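The primary structure of each chain is shown beneath.
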Amino acid sequence: MRKTVLILGATSAIARATAAAFAAQGFDLYLAGRDADELSRIAADLAIRYRITANSGLFAAEALDSHGRFFTQAIAEMGEMHGVVLALGYLGDQQAARDFSAGAEVILINFTAAASILSHCASYLEARKQGFIIGISSVAGDRGRQSNYTYGAAKGALSLYLQGLRNRLFASGVRVITVKPGFVDTAMTYGMPGLFLVASPQYIGERIVQALGKSADVIYLPWFWRYIMLIIKSIPETLFKRLKL
Ligand SMILES: NC(=O)c1ccc[n+]([C@@H]2O[C@H](COP(=O)([O-])OP(=O)(O)OC[C@H]3O[C@@H](n4cnc5c(N)ncnc54)[C@H](OP(=O)(O)O)[C@@H]3O)[C@@H](O)[C@H]2O)c1
């Protein structure tokens, strides 16, 4: 039987690459986001190139009350849902986030909306006793820095939420994988100063799909970010608070 993967935030560069990597493995796709025209273009392209079924639908991240209906509709269209990739994300502007109304949107998109839609996905997959959830978090969630602590706090909360889901869903045989990319060459980081060791979205997308065939629960992409973050996390707070990061 064919298996469908729901991709949330499917217009993102990382999501497009991940969708193509899933399509290359023969998975059907349901691409969700807020730009209907772009989503149907991506779906049509993948359907032709990989001979899969690819549908798309509008997902209003901010409208938390609509998430249950959205997910039910996606399942109705595809017949089933085997896996979910959460690629939704919003970096925002940390300077602007000093005014909390700007920071609130960063928290809403990266954490609250993510937790809301994943709660529906988790209950469905738990009842089916199979499938997977892949959540794209970030190395930014591993330690708070003055340059992006609102985004980092939301991603850190997402990582903890995914960890809890993994613990809950283990008994039902549902995999939960947390992905923590470093810098990736996408619209989110375009023009940002001081980037280093920047990975391509294609590299990230392929590794995300490969992770399903391996046993790791938390993956850093590229792999060396695990060690970079180990060093960053080991710096004593008394020293860390003095650094310009
Ligand atoms: N790029 C990096 O260096 C990096 C590093 C670590 C983690 N990540 C994470 O990787 C994931 C993919 O990001 P990306 O780099 O591929 O960035 P991207 O191209 O900017 O994609 C962000 C996605 O989130 C959607 N989105 C943003 N704000 C939204 C809102 N208010 N309502 C609904 N959808 C919204 C975007 O939709 P639209 O296309 O409609 O705007 C897009 O699909 C994100 O979770 C990001 O946090 C990225």
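Just so it is clear, the structure is predicted and the values come from calculations on it, not from any experiment.

Right, let's get into the packing of helix α3 (residues 67-78) against helix α4 (residues 100-128). The relative placement of two packed helices comes down to the angle between their axes together with the axis-to-axis distance. It is at 9 Å that the axes of α3 and α4 come closest, and there the two elements cross at 45°. As far as their axial angle goes, α4 and α3 are oblique. Like other packed secondary-structure pairs, α3 and α4 cross with a definite hand, here right-handed. In this structure, α3 uses His 67, Gly 68, Phe 70, Phe 71 and Ile 75 to contact α4, whose residues at the interface are Ala 113, Ser 116, Ile 117, His 120, Cys 121 and Tyr 124. In terms of residue class, the contact of α3 with α4 is built from 7 nonpolar, 4 polar and no charged.

We now examine the nonpolar core. Residues Ile 7, Phe 22, Leu 29 and Leu 31 are the most contacted members of the largest nonpolar core, which totals 34 residues. Every element with two or more residues in this core is listed here: β1 (4-8), α1 (13-24), β2 (28-33), α2 (36-50), β5 (132-136), β6 (175-181), α6 (201-211) and β7 (218-221). In terms of residue count, the dominant contributor to this core is α1 (7 residues). Not counting residues up to four positions away in its chain, the partners in contact with Leu 31 are Ile 7, Ala 10, Ala 19, Leu 39, Ile 42, Ala 43, Leu 46, Asn 55, Ser 56 and Gly 57. Counting 31 residues, the second-largest nonpolar core is a separate cluster that includes Leu 6, Leu 8, Val 84 and Leu 118.

Attention now goes to the environment of Lys 3. Relative to the helices and strands, Lys 3 resides in the segment before β1. Taking C-alpha positions, Lys 3 is 9.3 Å from Gly 131, a pair spaced 128 residues apart along the chain. Residue contacts for Lys 3: discarding those within four places in its chain leaves Phe 27, Asp 28, Glu 80 and His 82.

Before going further, it helps to examine the site of the ligand. For the ligand, the set of nearby residues contains 26 residues, the closest of which are Thr 11, Arg 34, Tyr 151, Val 184 and Thr 186. At a separation of 2.6 Å, an oxygen atom of the ligand approaches a polar side-chain atom of Thr 11. Interatomic distance of 3.1 Å between a backbone N/O atom of Gly 89 and an oxygen atom of the ligand. Within the complex, 88% of the 900 Å² of free accessible area of the ligand lies under protein.

Moving on, we get to the pattern of salt bridges. Taken as a whole, this structure holds 9 salt bridges when the rule is applied. Asp 28 serves as the salt-bridge partner of Arg 2, at 2.9 Å between the closest nitrogen and oxygen. Of this pair, Arg 2 sits in the segment before β1 while Asp 28 sits in strand β2, and the two are 26 residues apart along the sequence. The exposure class assigned to Arg 2 is partly exposed, which follows from its relative accessible area of 43%. One salt-bridge network, held together by shared partners, links Arg 16, Glu 38 and Arg 41.

Rules and cut-offs
Residues numbered from 1 in each chain as written. Predicted model: local features only at pLDDT ≥ 70, side-chain atom pairs only at ≥ 80, totals over all residues. Heavy atoms only, no water. Axes fitted to C-alpha atoms, helices over the stretch in contact; angles between N-to-C directions. Helix = DSSP H or I, 4+ residues; strand = E, 2+ residues; numbered from the N terminus. Parallel < 35°, antiparallel > 145°, perpendicular 65-115°, else oblique. Left-handed = near helix turned anticlockwise from the far one by under 90°. Contact = heavy atoms within 4.5 Å. Nonpolar A, V, L, I, M, F, W, Y, C, P; charged D, E, K, R; others polar. Core = buried A, V, L, I, M, F, W, Y, C linked by side-chain atoms within 4.5 Å. Buried < 20%, exposed > 50% of the residue type's maximum accessible area, 1.4 Å probe, protein only. Near = heavy atom within 4 Å. Polar contact = N/O pair within 3.5 Å; in protein donor to acceptor, adjacent residues only side chain to side chain. Areas by Shrake-Rupley, 256 points an atom, 1.4 Å probe, with all protein chains shown as cover. Salt bridge = Lys/Arg side-chain N within 4 Å of Asp/Glu carboxyl O.

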